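Structural overview for review
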Amino acid sequence: MHTTARLLKLTAQPPGTPSIDHPKPERLLRGNPMRETWNLVDEALPAGQVYCGVWRCEPGHWRIAMGPTERELFTVVAGRCRVHDAQGGFEEAGPGEAIYIPPGFEGAFEVLETVTKSYMICE
C-alpha cells in the first residue's frame, strides 16, 4: 500500500503479489474469472476513501453495483471489456480507452479478452 507524498507510476505488471479473488457466485452471469488486484493506494479523503492500482481479469461476465458515493475511472492497458448498463446499453473499451462508472450505477462487467486496467475508485 502506498501512502507517502511522492509520485507513483503504475505499470501493467506491478511488483509484488496481487490479491486474488473471483466474482461472488450470486453475481456471475458467465464464467468464474480469476481477478488479480494490485491496490497501490488506499488513502482516506476528507469525506471518503480513494483506491488506485492495477487490475487484471480473465474473461467472464458478472453483475456490478456501485455504492451511492462510489465512482471509478479506469483505463484499459491490454485486452477488451464491456460495462453494461441496466437499460441494455454498454460501453466497450480496449487499450488506451477509459470508462467512468458513476455513483449508484447498476449493470454488469464483461471481460471479452483478458484485461489489464489501471483504476481509481473514490467513495
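Residues numbered from 1 in each chain as written. Predicted model: local features only at pLDDT ≥ 70, side-chain atom pairs only at ≥ 80, totals over all residues. Heavy atoms only, no water.

1. Considering the pattern of salt bridges
Inclusion rule: Here a salt bridge means any side-chain nitrogen of Lys or Arg lying within 4 Å of a carboxyl oxygen belonging to Asp or Glu. In this text, helices come from DSSP runs of H or I with a minimum length of four residues, and strands from runs of E with a minimum of two, each type numbered from the N-terminal end. Burial status follows relative accessibility: with a 1.4 Å probe on protein chains alone, a residue under 20% of its type maximum counts as buried, one over 50% as exposed, and anything between as partly exposed.
A complete count under the given rule lists seven salt bridges for this structure. A salt bridge links Asp-21 to Arg-35, with the shortest nitrogen-to-oxygen separation between them at 3.1 Å. In this pair, Asp-21 is assigned in strand S1 (residues 19–21) and Arg-35 in strand S3 (residues 35–45), connecting sequence segments 14 residues apart. Look at Asp-21 and you get partly exposed, because its relative accessible area is 34%. Overall, Arg-35 belongs to the buried group, its relative accessible area being 14%. Residues Arg-30 and Glu-110 are paired through a salt bridge, measuring 3.2 Å at the closest nitrogen-oxygen approach. Placement of Arg-30 in strand S2 (residues 28–30) and of Glu-110 in strand S9 (residues 106–122) is noted, with a sequence separation of 80 residues between them. Relative accessible area serves as the criterion here: at 38%, Arg-30 is assigned to the partly exposed category. Three or more residues joined by partner-sharing salt bridges are found here, namely Arg-30, Arg-80, Arg-82, Glu-92 and Glu-110.

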